[in-house]
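# Structural overview for review
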Amino acid sequence: MSKKQNKLTPEQQKYQQFAKKREVKRPVIKNCIKAFLVGGTICTIGQAISTFYMYYFNFTEQTVGNPTVATLIFITMLLTGFGVYDHIAQFAGAGTAVPVTGFGNAVISASIEHRTEGFVLGVGGNMFKLAGSVILFGVFSAFIIALVKTILIQWGGL
Amino acid sequence: MVFLWAFLVGGLICVVGQIMFDVFKLTPGHTLSTLVVVGALLDGFGLYEPLIDFAGAGATVPITSFGNSLVHGAMEEAEKHGLIGVITGMFKVTSSGISAAIIFGMIGAILFKPKG
């Protein structure tokens, strides 16, 4: 940050300070409470769906995550399509972004938004515009971790 | 009881995300990417599985579980096939999230018209 600031002219630095003073202070505590309540609620709904699948479809506690995630993304599709999700997200911040519904919303809203550009270049090309980074860093870090762990187990005798 | 823990643990993970938004001023993209990496790391140290046993959907619904299941699938295959399994098993466990997102994204694009 300081490196960046050194390059600025004095006027620019003055402006930066001026802008910083007038930046709207974010109500951190209030936002955290909202995120906690909404995020917790989404996870509780997820737990209810999990219980349903475990009870009626013979999933175990370890495998039930998969159908639960798929169901939540389906619900997200409906909410995103009818324009409800944006309102909830506005209110809850990270409460809707961090659960898997946020991932679903990023994919689905991007594909709905770019539909006017056609299905191949619009929907196909932009579907993972926002969610791509999550997949990239998830896969790459998982690759490194699994690689290191496998090497340790196989040759390190862990 | 598991409902209560799901609520509390899931809520807490969201609060961590909210703090990264507000205090560290990260974009949602940066926050989610970081959380995924954290989830992968936790599973690397074998800490995520106990959390799932404890909190159920409170641990599987947040995006951290995406990182966890990527590592999990990779490790599962790696035990059977050695190093190649790391690549072949990567999406084994987490396929539902990605395929659901793609399928419902396509259906959504067919059904709904963009607003605004």
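Everything quoted here is computed from the prediction, not taken from an experiment. (Residues numbered from 1 in each chain as written. Chains lettered and ligands numbered in written order. Predicted model: local features only at pLDDT ≥ 70, side-chain atom pairs only at ≥ 80, totals over all residues.)

## Quick look at the packing of helix α2 (residues 28-44) of chain B against helix α5 (residues 64-81) of chain B
Residues and elements named next belong to chain B. For the record, the criterion: Axes, fitted as lines to C-alpha atoms, cover a helix only where it is in contact. Angles between the N-to-C directions of the axes lie from 0 to 180 degrees. Secondary structure counts use DSSP, requiring at least four H or I residues in a row for a helix and at least two E residues in a row for a strand, with both numbered from the N terminus. With respect to orientation, any angle under 35 degrees is reported as roughly parallel, any angle over 145 as roughly antiparallel, any angle of 65 to 115 as roughly perpendicular, and every other angle as oblique. Should the near helix be turned anticlockwise from the far one by less than a right angle, the crossing is termed left-handed; should it be turned clockwise, right-handed. Here the contact rule is simple: place C-beta atoms from the backbone, and any two residues whose C-beta atoms are within 7 Å are in contact. Residue polarity follows a fixed list, in which Ala, Val, Leu, Ile, Met, Phe, Trp, Tyr, Cys and Pro are nonpolar, Asp, Glu, Lys and Arg are charged, and the others, Gly among them, are polar.
Look at α2 against α5: their axes get within 6 Å of each other, and the N-to-C directions meet at 45°. Between α2 and α5, the angle is such that the two are oblique. Between α2 and α5 lies a crossing of right-handed hand. Taken together, the residues of α5 that come into contact with α2 (itself represented by Leu35, Val36, Val37, Val38, Gly39, Ala40, Leu42, Asp43 and Gly44) are Thr64, Ser65, Phe66, Gly67, Asn68, Leu70, Val71 and His72. Tallied by class, residues from the contact of α2 with α5 come to nine nonpolar, seven polar and one charged.

## What to know about the confidence of the model for chain B
Our working rule: pLDDT is a residue-level measure of predictor confidence that goes from 0 to 100.
Averaged over chain B, the pLDDT score is 87; the fraction of residues at 70 or greater is 99%. Confidence metrics for the complex model read pTM 0.85 and ipTM 0.88.

## Quick look at the interface of chain A and chain B
Listed as interface residues are 62 residues of chain A and, on the opposing side, 61 residues of chain B. Counting residues per element, the ones that place at least two in the side of chain A that touches chain B are α3 (28-56), α4 (65-81), α6 (94-97), α7 (100-113) and α9 (132-156) of chain A.

## Concerning helix α5 (residues 84-92) of chain A
All names here are of chain A. Quick reminder of the rule: Exposed residues have 12 or fewer other C-beta atoms within 10 Å of their own C-beta, buried residues have 20 or more, and partly exposed residues fall in between, where C-beta atoms are placed from the backbone. Arc, as used here, means the arc of the directions from the helix axis to the C-beta atoms.
Of all the positions in α5, only Tyr85, Ala89 and Ala92 are classed as buried. Take α5 and look down its axis: the buried residues cluster within an arc of 75°, on one side only. Set apart from the buried face of α5 by more than 90 degrees, the exposed residues are Val84, His87 and Gln90. Turning to α5, the residues buried within the fold contact α3, α4, α6 and α7. Remark: Gly93 follows α5 within two positions and exhibits a positive phi of approximately 60°.

## Remarks on the nonpolar core
Worth spelling out the cut-off: The term nonpolar core means buried Ala, Val, Leu, Ile, Met, Phe, Trp, Tyr and Cys residues held together as one set by C-beta atoms within 7 Å. Domain delimitation in this document rests on an assignment produced automatically or drawn from a domain database.
Residues Ile73, Val107, Val134 and Ala142 of chain A together with Val36, Ile63 and Ala74 of chain B are the most contacted members of the largest nonpolar core, which totals 73 residues. At nine residues, the largest contribution of residues to this core is made by helix α1 (residues 2-22) of chain B. Built from parts of two domains, this core gets at least three residues from each of domain 1 (2-127) and domain 2 (132-158) of chain A. In contact with Val36 of chain B, not counting residues within four places along its chain, are Val134, Phe137 and Gly138 of chain A together with Ile63, Thr64, Phe66 and Gly67 of chain B.

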